[in-house]
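Reading the structure
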Amino acid sequence: EDQVTQSPEALRLQEGESSSLNCSYTVSGLRGLFWYRQDPGKGPEFLFTLYSAGEEKEKERLKATLTKKESFLHITAPKPEDSATYLCAVGHNSGYALNFGKGTSLLVTP
Amino acid sequence: EAGVAQSPRYKIIEKRQSVAFWCNPISGHATLYWYQQILGQGPKLLIQFQNNGVVDDSQLPKDRFSAERLKGVDSTLKIQPAKLEDSAVYLCASSSSASNYGYTFGSGTRLTVV
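Okay, so let's go over this structure. Nothing here was measured: the structure is a model prediction, and the numbers come from that model. (Residues numbered from 1 in each chain as written. Chains lettered and ligands numbered in written order. Predicted model: local features only at pLDDT ≥ 70, side-chain atom pairs only at ≥ 80, totals over all residues. Heavy atoms only, no water.)

1. Quick word on the environment of A:Glu17
Residue and element names in this part refer to chain A. Tracing the backbone through its elements, the reader meets glutamate 17 in the loop between strand 2 (10-14) and strand 3 (19-26). A relative accessible area of 37% places glutamate 17 in the partly exposed class. Through-space distance from the C-alpha of glutamate 17 to that of glutamate 58 is 18 Å; in sequence the pair is 41 residues apart. Among the polar contacts listed, one links the side chain of glutamate 17 to the backbone nitrogen of glutamine 14, at a separation of 2.9 Å. (Helix = DSSP H or I, 4+ residues; strand = E, 2+ residues; numbered from the N terminus. Buried < 20%, exposed > 50% of the residue type's maximum accessible area, 1.4 Å probe, protein only. Polar contact = N/O pair within 3.5 Å; in protein donor to acceptor, adjacent residues only side chain to side chain.)

Shown next as structure tokens:
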């Protein structure tokens, strides 16, 4: 059975203090590893898809990396507007449904 | 490009009552999903449609939940009768089968069962 575990559950950073969020996964056939951002009262917003170990993708202050067992979302010099819940999900190669982790709630203070 | 539309945004009902949620996906998206997100949890798939056919409803509590997607466009999710544990945000999402970019979610309907 596919499993997705995210850590930490919550993270508080000072503005400019870089850190990483972790997503550990087990899946029998990986179609892709997805990162989403979710703001309060809104649906998840797509950030990245990673398909194979060693792949990296960047967007502004965010960089996602993938190994065979985990993915990291690195946040460089975060700003208060980066505060949100970050969700990791795996897609199985049998279809398009996604299996989500519980998320990491990130708070960036000025 | 218009996003995924959902209504209502909020709903409060008493247990044992019925409720329905509506979703209009992005135009041209063949695949439509309903997810349930309980507070503090990640979204959990309830049902997946491809056009107007069901692809996966293995996690849908079929004794009380039903969903349909007539004409392969918009969709309705119904709960009858509701239980306290159904309190959650119900998210609709859609994707193009050719998409490699995950999919697009609506803002969801927050259901409170009292």
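Once the structure has been displayed, the description carries forward.
2. Side note on the interface of chain A and chain B
If you look at the interface, chain A gives 17 residues, while chain B gives 20 residues. Carbon and sulfur atoms make up 51% of the surface buried where chain A meets chain B, a total of about 1,500 Å² over both sides. Between the two partners, chain A and chain B, sit zero salt bridges. Summed over the shared surface of chain A and chain B, the result is five residue pairs in polar contact (both at pLDDT 80 or more). (Contact = heavy atoms within 4.5 Å. Buried area = accessible area lost by both parts, 1.4 Å probe. Salt bridge = Lys/Arg side-chain N within 4 Å of Asp/Glu carboxyl O.)

3. Some words on the environment of A:Leu106
Residues and elements named next belong to chain A. You can see leucine 106 is positioned in strand 11 (residues 104-109). Owing to a relative accessible area of 3%, leucine 106 belongs among the buried residues under this scheme. Residues leucine 106 and glycine 91 lie 15 residues apart in sequence; the distance between their C-alpha atoms is 24 Å. Contact partners of leucine 106, with chain neighbours within four places excluded, come to Leu11, Leu13, Ile75, Asp82, Ser83, Ala84 and Tyr86.

4. Here we look at the state of the cysteines
Residue and element names in this part refer to chain A. Overall, the coordinates contain two disulfides over all chains when judged by the stated rule. Shown here is the disulfide that connects cysteine 23 with cysteine 88, its sulfur atoms set 1.9 Å apart. Judged by the torsion about the S-S bond (-60°), the cysteine 23/cysteine 88 disulfide is left-handed. Taken together, the residues cysteine 23 in strand 3 and cysteine 88 in strand 9 (residues 84-92) connect sequence positions 65 residues apart. (Disulfide = S-S within 2.5 Å.)

5. What about the pattern of salt bridges?
With the rule as written, the count across this model stands at six salt bridges over all chains. Residues A:Lys63 and A:Glu56 are paired through a salt bridge, measuring 3.5 Å at the closest nitrogen-oxygen approach. Salt-bridge contacts for B:Arg64 lead to B:Asp86; the nearest nitrogen and oxygen are separated by 2.5 Å. Taken together, the residues span a long stretch of sequence, with B:Arg64 in the loop between strand 6 (53-56) and strand 7 (65-68) and B:Asp86 in the loop between strand 8 (75-79) and strand 9 (88-95) at a distance of 22 residues. For the residue pair B:Arg64 and B:Asp86, the accessibility class agrees, reading buried in each case.

6. A word on the nonpolar core
Residues and elements named next belong to chain A. Ranked by internal contacts, the top residues of the largest apolar core, which has 23 residues, are Leu33, Trp35, Leu73 and Tyr86. Secondary structure elements with two or more residues in this core: strand 2, strand 3, strand 4 (30-38), strand 5 (45-50), strand 7 (62-66), strand 8 (70-75), strand 9 and strand 11. Looking at this core, the element that brings in the most residues is strand 9, giving four residues. (Core = buried A, V, L, I, M, F, W, Y, C linked by side-chain atoms within 4.5 Å.)

7. Focus on the packing of aromatic side chains
By the definition in use, this model includes twelve aromatic pairs over all chains. Summarising the aromatic geometry, the rings of A:Tyr36 and B:Phe105 are spaced 5.6 Å apart at their centres and angled 85° between planes, so their arrangement reads as edge-to-face. Highlighted residues: A:Tyr36 in strand 4 and B:Phe105 in strand 10 (residues 104-105), drawn from two different chains. As far as burial versus exposure is concerned, A:Tyr36 and B:Phe105 are alike and both buried. Measuring from centroid to centroid gives 6.1 Å for B:Tyr35 and B:Tyr103, while their planes differ by 45°, and the two rings are tilted. On the criterion of sequence distance, the pair formed by B:Tyr35 in strand 4 (residues 31-37) and B:Tyr103 in the loop between strand 9 and strand 10 is long-range, its members being 68 residues apart. Chaining the aromatic ring pairs together yields one cluster made of A:Tyr36, A:Phe46, A:Phe100, B:Tyr33, B:Tyr35, B:Tyr103 and B:Phe105. (Phe/Tyr/Trp six-rings, centres within 6.5 Å; stacked < 30°, edge-to-face > 60°.)

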